[in-house]
Amino acid sequence: PWSIQLLEEFGQCSFCKRKFFCTRLEKHMSICSKNQDSKRKVFDSGKARARGTELEQYRQGKSSRSAQSKTPPKKNSWKQKHEALIHTVSQARQVQQVLAKGGKEADLPPLPPIENPDYVACTYCGRKFSPRAAERHIPKCKNIKNRLESFCPIGMCQEGLKKGH
């Protein structure tokens, strides 16, 4: 019987849906309405501890460098890699069967090259590289191709062939 009386003394906040004594509800709702408008910033204790030390300067330098070197996330190609693995295992099984029957490894046809979907093709020479290696290679290859096009030995370029050299 006394629990019903207590429930009647409680009121619910219209902002956060929490329950308070009726005497405290009005005060809470005035505060809760102010807090609903603004979101609190997440407190970073590591940043607060580093403030005023050498670590703060180190982190600032590191964050400015890391913002520049952000690379886009890799696309997930697990399915292609999985299929390539299954294909490789089946080919290895075939080789083992031929060797077990007394055949020679030289009699087997050469294995096809495995294509890595993460590799980037060079637009100038067509070779494929890992993304980091491609960043280094492509500018160099562009330079080399431009030099080769500007330098055309007699007999090698189209004009030389037309003149009969």
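Calculation rules
Residues numbered from 1 in each chain as written. Predicted model: local features only at pLDDT ≥ 70, side-chain atom pairs only at ≥ 80, totals over all residues. Heavy atoms only, no water. Phe/Tyr/Trp six-rings, centres within 6.5 Å; stacked < 30°, edge-to-face > 60°. Helix = DSSP H or I, 4+ residues; strand = E, 2+ residues; numbered from the N terminus. Buried < 20%, exposed > 50% of the residue type's maximum accessible area, 1.4 Å probe, protein only. UniProt positions renumbered as here; feature names shortened; annotations may be inferred. Salt bridge = Lys/Arg side-chain N within 4 Å of Asp/Glu carboxyl O. Expected span 1.5 Å × (residues − 1).

*Asks:* Mind laying out the packing of aromatic side chains, listing which residues take part and the relevant values?
*Replies:* Here the distance between the centres and the angle between the planes together describe a pair of aromatic rings. Scanning all chains against the criterion turns up one aromatic pair. The interplanar angle of 20 degrees and the centroid separation of 4.8 Å between the aromatic rings of F10 and F21 together place this pair among those described as stacked. Of the two residues, F10 sits in strand β1 (residues 10–12) while F21 sits in strand β2 (residues 19–21), which places them eleven residues apart along the sequence. Classification of F10 by relative accessible area gives partly exposed; the value is 34%.

*Asks:* Now, about the environment of N116: what can you tell me, with residues and values included?
*Replies:* Mapped onto the elements, N116 comes out in the loop between α5 (78–100) and β3 (120–121). Accessibility expressed as a relative area gives 29% for N116, which makes it partly exposed. With 14 residues separating them in the primary sequence, N116 and S130 have C-alpha atoms 9.0 Å apart.

*Asks:* Before we move on, could you go through the UniProt feature "domain: C2HC/C3H-type" (unreviewed entry) in the chain and cite the residues and values that matter?
*Replies:* Under the feature "domain: C2HC/C3H-type" (unreviewed entry), the UniProt entry names residues 9–38 and 118–147. When the span residues 9–38 is considered, its composition is 57% helix and 20% strand, and the gap between its end C-alpha atoms is 30 Å.

*Asks:* Outline the pattern of salt bridges, supporting the account with residue identities and numerical values.
*Replies:* All told, the structure shown has one salt bridge when counted by the stated rule. The shortest N-O distance in the salt bridge between K81 and D118 comes to 2.9 Å. Taken together, the residues span a long stretch of sequence, with K81 in helix α5 and D118 in the loop between α5 and β3 at a distance of 37 residues. Exposure remark for K81: the relative accessible area of 42% places this residue in the partly exposed category.

*Asks:* Account for α5, naming residues and giving values.
*Replies:* With 23 residues, α5 ought to run about 33 Å at 1.5 Å a step, and its terminal C-alpha atoms sit 33 Å apart, in line with that. Directly after α5, the chain includes G102, whose backbone phi takes a positive value near 100 degrees.

*Asks:* Just give me the short version of unusual backbone geometry, but keep the residues and values in it.
*Replies:* Look at K17: it is not a glycine, yet its phi comes out positive at around 65 degrees. Inspection of the secondary structure puts K17 in the loop between β1 and β2.

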